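# Notes for the structure review
These are the residues of each chain, in order.
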Amino acid sequence: MKKFLLILTLSFAMSSTCQAKVWETTCSNCHGKFAPSRKVLLQKFKTPEELVKRARELVIKGVMPKQLPFGLAAKELYGRTPKISYQTKMNKSNKNKYTRFFSILPSTPPIPEEDPMTVEKIKLGKMLYFDPRLSRSKLISCNTCHNLSIGGDDNQKTSIGDKWQHGPRNAPTVFNAAFLRVQFWDGRASTLEEQAKGPLTAHVEMNATPEIIVERLRSIPEYKEMFKKAFPGEKNPITFTNVAKAIATYERTLITPNSPFDKYLAGDKHALSKIQVEGLKLFVDKGCVNCHRGPVLSDGLFHKFKINNDKGRYNVTKNPADMYKFRTPQLRNVAETAPYFHDGSVENLTQAVKIMGRKMLKVNLTNSEAYKIRKFLESLTGQVPMKAVVLPIIEDPAK
């Protein structure tokens, strides 16, 4: 029951950006798919009053933040505005009032059974990640757009690819991407393995083909031995699929632990400055936490955020309800990954905070509030794994 209601309220949390049709535009992302359908909810809660009352009880218990439009969602479900005088008051004795929505960044990411991590595969994946010969021009590597020296992205509005073409979207950081539920802004890849294949063959990025990549790798003796060790027992281990598996395996090592916020969550109350703590409280009280929660501060879901003509998730699903929807970006190391948003249109993090408040939460943050939230976000910068980013020595068979 508790899990059921948590899923319900999580869906309602997404509705803070909508003034109408909350269920259709937001809640339906989950319900009817991996959460109870509209029909089931109506059977479980006979009146909108019952639903709203229970949702608000969860607010008091600290399961969900306040300022969520449960009433609007209930009105759409039941066809009438709930009549309820039930007042919510936050539990003053809850010592974890502001930290309960987050968790320390795990040291180990989820690992798929079909692509287990091994030392040999990590070593191979690292070599491939930095090797520009995987691109048609032999000039662009994975690290070109996801540079591990500057935040795991390229700090460009949109990335520059083959023949100086600009991609349509801002490159997200590769750091901690292993914890995301889906990859890319529009979620067109569900795994890191799927994601790795995309840039390799995209004509505006590396513009290679599986055939070009496999042929080049098979011509390099060092790679022949590395693939044999990484994929033992396979007759022809150098395949496009195995290239993607190796890169994804390496990317799962790119975790940035020990941020000041992680230390704060672990009990070190001096890890954050006074102004960062104030920023944390604003982050929760203003509703940012509705979508930015969990270990990487992303719910992994899709929300409408129209700032240009990019149709977002709709281009993948062709569902009108997904028009202009994008995956909630993670906020780990966000202070290092300017410019912001899927079009890279905002250079300043404080300005990005103010825009998000206005467009997504319908809140006009003051300059002071936005600044404090930005200072809190700076506490999310973790330690880059130095062993993972030391450049490998790549053999040149021509020498």
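Everything below is about the structure shown above.
Let me sum up the structure you'll find in this document. (Residues numbered from 1 in each chain as written. Predicted model: local features only at pLDDT ≥ 70, side-chain atom pairs only at ≥ 80, totals over all residues. Heavy atoms only, no water.)

## Observations concerning the overall build of the protein
Where we set the bar: Starting at the N terminus, helices and strands are each numbered in turn, a helix being any DSSP run of H or I of at least four residues and a strand any DSSP run of E of at least two. For every residue, the accessible area (1.4 Å probe, protein chains only) is compared with the maximum for its type, and the residue is labelled buried under 20%, exposed over 50%, or partly exposed between those bounds. In what follows, residue pairs with any heavy atoms lying within 4.5 Å of each other are defined as contacts. Only the protein chains shown count as covering a residue, and every accessible area follows the Shrake-Rupley method with a 1.4 Å probe.
A tally of regular secondary structure across the protein gives 17 helices and two strands. Out of the 399 residues belonging to the protein, those deemed buried represent 53%. A sequence separation of at least 24 residues applies to 70% of the contacts in the protein between residues at least 6 apart. Accessible surface, the protein as shown: approximately 19,000 Å² in total, 54% of it carbon and sulfur.

## Side note on the packing of helix 6 (residues 119-130) against helix 11 (residues 240-251)
Heads up, the condition is: To define axes, lines are fitted to C-alpha atoms, for helices over the stretch in contact only, and angles between the resulting N-to-C directions are given on a 0 to 180 degree scale. Here roughly perpendicular refers to angles of 65 to 115 degrees, roughly parallel to angles under 35, roughly antiparallel to angles over 145, and oblique to all remaining angles. Gly counts as polar in this scheme, as do all residues outside two lists: the nonpolar Ala, Val, Leu, Ile, Met, Phe, Trp, Tyr, Cys and Pro, and the charged Asp, Glu, Lys and Arg.
It is the contact of helix 6 with helix 11, at a shortest axis distance of 7 Å, that shows an interaxial angle of 100 degrees. Judged by the inter-axis angle, helix 6 sits roughly perpendicular to helix 11. Along its contact with helix 6, which presents Lys121, Ile122, Leu124, Gly125, Lys126, Leu128, Tyr129 and Phe130, the element helix 11 presents Val243, Lys245, Ala246, Ile247, Thr249, Tyr250 and Glu251. The residue makeup of the contact of helix 6 with helix 11, split by class, is nine nonpolar, two polar and four charged.

## As for the nonpolar core
This is how it is decided: Put simply, buried Ala, Val, Leu, Ile, Met, Phe, Trp, Tyr and Cys residues joined by side-chain atoms within 4.5 Å make one nonpolar core.
Grouped together as the largest cluster of nonpolar side chains are 35 residues, with contacts concentrated most on Phe102, Phe261, Leu280, Phe283 and Leu377. Listing elements by their share of this core, those giving two or more residues are helix 12 (260-265), helix 13 (274-285), helix 15 (349-360) and helix 16 (367-378). Setting aside anything within four residues of it in sequence, one finds Phe283 in contact with Phe102, Cys288, Val289, His292, Leu297, Leu331, Ile373, Phe376 and Leu377.

## What to know about the side chain of Ser135
Of note, Ser135 is situated in the loop between helix 6 and helix 7 (142-145). Take Ser135: its relative accessible area is 0%, and that puts it in the buried class. In contact with Ser135, other than residues within four places in its own chain, are Ile140, Met206, Ala208 and Arg216.

## What about helix 8 (residues 192-201)?
Going by this rule: The directions considered for the arc are those from the helix axis to the C-beta atoms.
If you check which residues of helix 8 are buried, you get Leu192, Glu193, Gln195, Ala196, Pro199 and Leu200. Buried positions in helix 8, seen along its axis, are confined to an arc of 160 degrees and lie on one side of it. Contacts from the buried residues of helix 8 go to helix 9 (210-218) and helix 11.

## Section: the packing of aromatic side chains
Just so we agree on the cut-off: Stacked, edge-to-face and tilted are the three classes for Phe, Tyr and Trp ring pairs, Trp counted by its six-membered ring, which pair at centre distances within 6.5 Å; planes under 30 degrees apart are stacked, over 60 edge-to-face, the rest tilted. A ring is considered to have a charge above it if a Lys NZ or an Arg CZ atom is located within 6 Å of its centre and within 35 degrees of its normal.
Enumeration over the complete set of coordinates arrives at 12 aromatic pairs. An aromatic cluster of at least three residues, connected via ring pairs, comprises Phe101, Phe102, Phe261, Tyr264, Phe283 and Phe376. Its guanidinium or amino end placed over the ring of Tyr324, Lys306 lies 4.9 Å from that ring's centre, counting from NZ or CZ.

## Examining the pattern of salt bridges
How we decide: A pairing counts as a salt bridge when a side-chain nitrogen of Lys or Arg comes within 4 Å of a carboxyl oxygen of Asp or Glu.
Inspection of every chain in the model, using the stated rule, returns 14 salt bridges. We note a salt bridge from Glu225 to Lys228, for which the minimum N-O separation is 4.0 Å. One end of the pair, Glu225, and the other, Lys228, are both in helix 10 (residues 221-230), three residues apart, so they sit about a helical turn from each other. Note that Glu369 is salt-bridged to Lys286, the shortest N-O span being 3.4 Å. A residue pair is termed long-range when its members are at least 10 positions apart, and Glu369 in helix 16 and Lys286 in the loop between helix 13 and strand 1 (302-304) qualify at 83 residues. The exposure class assigned to Glu369 is buried, which follows from its relative accessible area of 18%. Through salt bridges with shared partners, a single network forms among Asp115, Lys121, Glu193 and Arg252.

## Here's the deal with the packing of helix 13 against helix 16
Contact pair helix 13 / helix 16: the axes reach a minimum separation of 7 Å and the direction vectors enclose 105 degrees. By the criterion of interaxial angle, the relationship of helix 13 to helix 16 is roughly perpendicular. Facing helix 13, whose interface residues are Ile275, Gln276, Glu278, Gly279, Leu280, Leu282 and Phe283, helix 16 presents Glu369, Tyr371, Lys372, Ile373, Lys375, Phe376, Leu377 and Glu378. Across the contact of helix 13 with helix 16, the residue classes break down as eight nonpolar, two polar and five charged.

## A closer look at the environment of Arg252
Structurally, the position occupied by Arg252 is in the loop between helix 11 and helix 12. Residue contacts for Arg252: discarding those within four places in its chain leaves Pro109, Pro110, Pro112, Asp115, Met117, Ala178, Leu192 and Glu193.

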